[in-house]
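Remarks on the overall topology
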Amino acid sequence: MKNILLLVISYITISYPILAQTFVSMNPENKNVVLEEFTGIHCGFCPDGHVVAQGIYDQNPGDVVLINIHTGGYATPSAGEPDFRTSFGDNIANQSNLSGYPAGTVNRHLFSMSQNGGTAMSRGDWQSASSQILNQTSYINVAAQSTIDISSRVLTVVVETYYTGASTSSTPNSLNVALLQNNVAGPQSGAANWNPGGIISGPWNPTYNHQHMLRHLLTGQWGENIPVPSGFWTNTYTYTIPSDLNGVAYDLFNLEVAVFVAEGQQEVVTGNMSSMNYIVPNGVN
């Protein structure tokens, strides 16, 4: 009898921590917005796009992910200017079929308010598109917890997904993990006219405080397939953050992580912002 009791206690001890680690919601939820804005430092109207996107974010706390992608001709730096482009931006922009800047996609969905027959829309349509997405039920939830070890510069992202319903897609769901950076100083055309609140002191006239800037995709260009399209799934991603990208420094204390689930490389089902924790050595403020 004693042996059986010990066996039962051992089983409970092993199983309980596995359940306790789950932080993704297991209740049916509506979709969150993932707004990918295509922008550039020489785009005169882009600061107004930043204002529009930030307004949608502020009106829907916890339900909106903003990703600013510097790409295209307006993002090409002149001599002495920083290069905010990534190796991922052009492909994301090209599949949206954009025809003007600022442009943006809301969950990479094809709305009637198309800029050029694709998923890209002008900034005046982002609010309406976001409202439609926020009213739709999602069949999957996604959440993440991230940690940066300041000494080693290693970013660890634990992602959890949970299917509350059956996928409506014939293509596999892909998980995307995006590393973003806030408070990046740089030049910006049109800032004084469209977003003077974003102007800070600095070497450029004006110097602009760039937010939600895409820096890296930990899961590659189009994400990684979720191997089990039902129930609960989790995976951990690590990335050693370099000192800079294209000469633009990574500020470890101004980074954030966004995660989103797509159907293949196009339709985004939902997304979320990760929590962020730091492992800070003694003596570092």
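Residues numbered from 1 in each chain as written. Predicted model: local features only at pLDDT ≥ 70, side-chain atom pairs only at ≥ 80, totals over all residues. Heavy atoms only, no water.

**What about the packing of aromatic side chains?**
Put simply, the rule reads: The aromatic pairing rule takes the rings of Phe, Tyr and Trp, using the six-membered ring of Trp, and pairs them if the centres are within 6.5 Å, calling planes under 30 degrees apart stacked, those over 60 edge-to-face and the rest tilted. In DSSP terms, a helix is any run of H or I states spanning at least four residues, a strand is any run of E spanning at least two, and both are numbered starting from the N terminus. Exposure classes here rest on a 1.4 Å probe applied to the protein chains alone. A residue is buried below 20% of its type maximum, exposed above 50%, and partly exposed in between. A positively charged side chain is recorded as over a ring if its NZ (Lys) or CZ (Arg) lies within 6 Å of the ring centre. The angle to the ring normal must also be within 35 degrees.
The full count for this structure, using the stated rule, is four aromatic pairs. Arranged with centres 5.5 Å apart and planes meeting at 75°, the rings of Tyr74 and Tyr101 form a pair that is edge-to-face. In this pair, Tyr74 is assigned in the loop between strand E3 (64-70) and helix H3 (89-96) and Tyr101 in the loop between H3 and strand E4 (103-106), connecting sequence segments 27 residues apart. Residue Tyr74 is classed as partly exposed on the basis of its relative accessible area of 40%. Plain terms: the ring middles of Phe253 and Tyr278 are 4.9 Å apart, the flat faces sit at 35° to each other, and that makes the pair tilted. Of the two residues, Phe253 is situated in the loop between strand E17 (248-249) and strand E18 (255-263) and Tyr278 in strand E20 (residues 275-279); the sequence distance between them amounts to 25 residues. Residue classification places Tyr278 among the partly exposed positions, given a relative accessible area of 30%. When the ring centre of Trp194 is taken as reference, the NZ or CZ atom of Arg123 above it lies at 6.0 Å.

**What to know about the nonpolar core**
The condition that has to hold: As used in this record, nonpolar core signifies buried Ala, Val, Leu, Ile, Met, Phe, Trp, Tyr and Cys residues forming a set joined through side-chain atoms within 4.5 Å.
Membership of the largest hydrophobic core comes to 26 residues, with the highest contact counts inside it found for Val159, Leu175 and Val177. Where this core is concerned, the elements lending two or more residues are strand E7 (140-149), strand E8 (154-163), strand E9 (173-181), strand E15 (232-240) and E18. Membership of the second largest hydrophobic core comes to 19 residues, among which are Val65, Ile69, Leu180 and Leu217.

**Considerations on the state of the cysteines**
This is how the line gets drawn: Cysteine sulfur atoms are paired as a disulfide whenever they fall within 2.5 Å.
One pass over the structure, following the stated rule, counts one disulfide. The disulfide partner of Cys43 is Cys46, and the S-S distance across this bridge is 2.2 Å. Classification of the bridge connecting Cys43 and Cys46 rests on its S-S torsion, roughly 90°, and on that basis the disulfide is right-handed. Relative accessible area serves as the criterion here: at 2%, Cys43 is assigned to the buried category.

**Remarks on the confidence of the model for the protein chain**
How we decide: pLDDT is a residue-level measure of predictor confidence that goes from 0 to 100. A contact between two residues is defined here by any heavy atoms of the two lying within 4.5 Å.
Per-residue pLDDT for the protein chain has a mean of 92; in total, 93% of the residues score no lower than 70. Low pLDDT, under 50, characterises residues 1-20; the stretch is placed with zero contacts to residues that sit more than four places away or in other chains.

**What to know about H3**
Where we set the bar: Here the arc refers to the directions that run from the helix axis out to each C-beta atom.
Within H3, the full set of buried residues consists of Gly89, Ile92, Ala93 and Ser96. In an axial view of H3, the angular spread of the buried residues amounts to 95°, which keeps them on one side of the axis. Directly beyond the C-terminal end of H3, a positive phi value near 65° is found at Asn97.

**Describing the sheet that holds strand E11 (residues 199-200)**
In plain terms, the rule: Two strands form a pair only when DSSP identifies at least two bridges running between them.
If you walk across this open sheet you meet the three strands as E10-E12-E11, and the pairing is antiparallel. One side of each edge strand has no neighbouring strand; the edge strands of this open sheet are strand E10 (184-187) and E11. Here four bridges tie E10 to strand E12 (residues 207-210), and the two strands are oriented antiparallel to one another. Along E12, the bridge assignment pairs Gly186 with Tyr208.

**Let's talk about the pairing of E9**
Counting buried positions over the nine residues of E9 gives nine, a clear majority of the element. In E9, alternate side chains face the same way, and those of Asn173, Leu175, Val177, Leu179 and Gln181 on one face and Ser174, Asn176, Ala178 and Leu180 on the other are all buried. Here E9 pairs with E18 via nine bridges, running antiparallel. Counterpart to Leu175 in the pairing with E18 is Val261. Of the pairings in the sheet, the one linking E9 to strand E14 (residues 224-225) comprises two bridges and is antiparallel in character. The residue of E14 that forms the bridge with Leu175 is Glu224. Of the strand pairs in this sheet, E9 and strand E13 (residues 213-217) are connected by four bridges, and their pairing is antiparallel.

**Thoughts on the pattern of salt bridges**
The following threshold applies: Basic side-chain nitrogens of Lys or Arg form a salt bridge, by our definition, when they fall within 4 Å of a carboxyl oxygen of Asp or Glu.
Under the criterion given, the structure shown has three salt bridges. Here Glu36 makes a salt bridge to Arg108, at a shortest N to O gap of 2.8 Å. In this pair, Glu36 is assigned in strand E2 (residues 33-39) and Arg108 in the loop between E4 and strand E5 (121-122), connecting sequence segments 72 residues apart. Residues Glu36 and Arg108 agree in their burial class; the two are buried.

**Section: the pairing of E3**
Note on strand geometry: in a regular strand, side chains alternate between the two faces of the sheet. We count it as follows: Seen with its strands pointing away from the viewer, a crossover is right-handed if its path from the first strand over the helix to the second goes clockwise.
Among the seven residues that make up E3, seven are buried, leaving the element largely enclosed by the rest of the structure. On E3, burial covers both faces: Val64, Leu66, Asn68 and His70 on one face and Val65, Ile67 and Ile69 on the other are all buried. In this sheet, E3 lies alongside E2 in parallel orientation, the contact comprising seven bridges. Across the sheet, Thr39 pairs through a bridge with His70, a residue of E3. On the question of chirality, the crossover connecting E2 to the parallel E3 by way of helix H2 (residues 46-59) is right-handed.

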